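Observations on the three-dimensional arrangement
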Amino acid sequence: MSESGDMGLVVVGAAGRMGQTLIRAIHTMPGARVAAAIERPDSAHLGKDAGELAGIGIINVPIVNDPLPAFAKANGVLDFTAPSASVEFAGYAAQARIVHVIGTTGCSADDNAKIAAAARHATIVKSGNMSLGVNLLAVLVEQAAKALDPEDFDIEILEMHHRHKVDAPSGTALLLGEAAAKGRGIDLADNSVRVRDGHTGVRKTGSIGFAALRGGSVVGDHSVILAGTGERITLSHHAEDRAIFARGAVKAALWARAKKPGLYSMRDVLGLS
Ligand SMILES: NC(=O)C1=CN([C@@H]2O[C@H](COP(=O)(O)OP(=O)(O)OC[C@H]3O[C@@H](n4cnc5c(N)ncnc54)[C@H](OP(=O)(O)O)[C@@H]3O)[C@@H](O)[C@H]2O)C=CC1
Ligand SMILES: O=C(O)C1=N[C@H](C(=O)O)C[C@H](O)C1
């Protein structure tokens, strides 16, 4: 626990793209402090100062590889790592009865079930996108999908990310797909087309299609296209800086500190549910 009253946050994956962005965000946001920084046991970054690595100078938080003692002394965890790691960290957060903010994407149904089980004791906020803009976009997509007849308008979701991204469709694309499906009162899993190749046949009425592009340094672009006969509506979000995700994650942790254990979304945090 922090003597200052600030929320002590452990950043797991502290040397990663989002890990470093989180260290910088915590440094500038009131009410939170970096309690510990974690990387894998074989990481080349162990022993380095997390602040120095993130470009803000020494903050006297060395990157270490043992999450359990760090979680025991903290109020929350910010986790943008990998699915198997997030499942493991959710178990530790449950043991420590603390807040766990999960931005990791590409989780399987089995991973999500384990995270939901951990939320019996941990206060978990999980979202494929922590930005205000994307979560507002999801509300708009839900409204548009509800207003437009599936017989008249086809929904396609297009995303582009940097060349290092390992999962597709992106967590955000799936979040937007869920919003569209909710607006139409259908189940996304039963109505999505995640890949097209070869002789696909004509488009199935009411389906929700996905397309993923990868290249360069693109932080994250998403468009939901509602295509009718003779007209097309495009609802888009363009992330220009990872700081929008990091600030959202810190905001989520501060919000969750006052909440009971459970599984929450960023729409809960932002009051957009
Ligand atoms: N929800 C949102 O708003 C956002 C979500 N994301 C998601 O966050 C995740 C991370 O993205 P990004 O930062 O670009 O990826 P990076 O690969 O840059 O960072 C991930 C970091 O986590 C580390 N890591 C992985 N497993 C463990 C473990 N078991 N213990 C400790 N550290 C571990 C990695 O180490 P190593 O390199 O050694 O594997 C790496 O340093 C992705 O799933 C991405 O889609 C990204 C941006 C926004
Ligand atoms: O891997 C990324 O970079 C991002 N991942 C998230 C996703 O899968 O949607 C969020 C953001 O678009 C960046």
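Residues numbered from 1 in each chain as written. Chains lettered and ligands numbered in written order. Predicted model: local features only at pLDDT ≥ 70, side-chain atom pairs only at ≥ 80, totals over all residues. Heavy atoms only, no water.

- If you check an unreviewed UniProt entry, the chain appears there as 4-hydroxy-tetrahydrodipicolinate reductase from Mesorhizobium humile.
- In its Sequence similarities (unreviewed entry) section, the UniProt record describing the chain reads: "Belongs to the DapB family."
- Among the UniProt annotations of the chain, the heading Function (unreviewed entry) holds the following wording: "Catalyzes the conversion of 4-hydroxy-tetrahydrodipicolinate (HTPA) to tetrahydrodipicolinate." (UniProt positions renumbered as here; feature names shortened; annotations may be inferred.)

**Things to note about the packing of helix α1 (residues 17-28) against helix α9 (residues 243-256)**
- One way to put it is that α1 packs onto α9 with a least axis distance of 9 Å and a crossing angle of 60°. It follows from the interaxial angle that α1 and α9 lie oblique. Handedness of the α1/α9 crossing: right-handed. Across the interface between the two elements, M18, T21, L22, A25 and I26 from α1 touch A243, F245, A246, R247, A249 and V250 from α9. (Axes fitted to C-alpha atoms, helices over the stretch in contact; angles between N-to-C directions. Helix = DSSP H or I, 4+ residues; strand = E, 2+ residues; numbered from the N terminus. Parallel < 35°, antiparallel > 145°, perpendicular 65-115°, else oblique. Left-handed = near helix turned anticlockwise from the far one by under 90°. Contact = heavy atoms within 4.5 Å.)

**Some words on the site of ligand 2**
- Taken together, T105, G128, N129, H161, H162, K165, S170, G171, T172, V219, H222 and F245 make up the full set of residues near ligand 2.
- Taking K165, its side chain carries an N or O atom lying 2.7 Å from an oxygen atom of ligand 2.
- Measuring from an oxygen atom of ligand 2, one finds a backbone N or O atom of G171 at 2.8 Å.
- Contact with the protein chains hides 84% of the accessible area of ligand 2, taken as 320 Å² for the molecule alone. (Near = heavy atom within 4 Å. Polar contact = N/O pair within 3.5 Å; in protein donor to acceptor, adjacent residues only side chain to side chain. Areas by Shrake-Rupley, 256 points an atom, 1.4 Å probe, with all protein chains shown as cover.)

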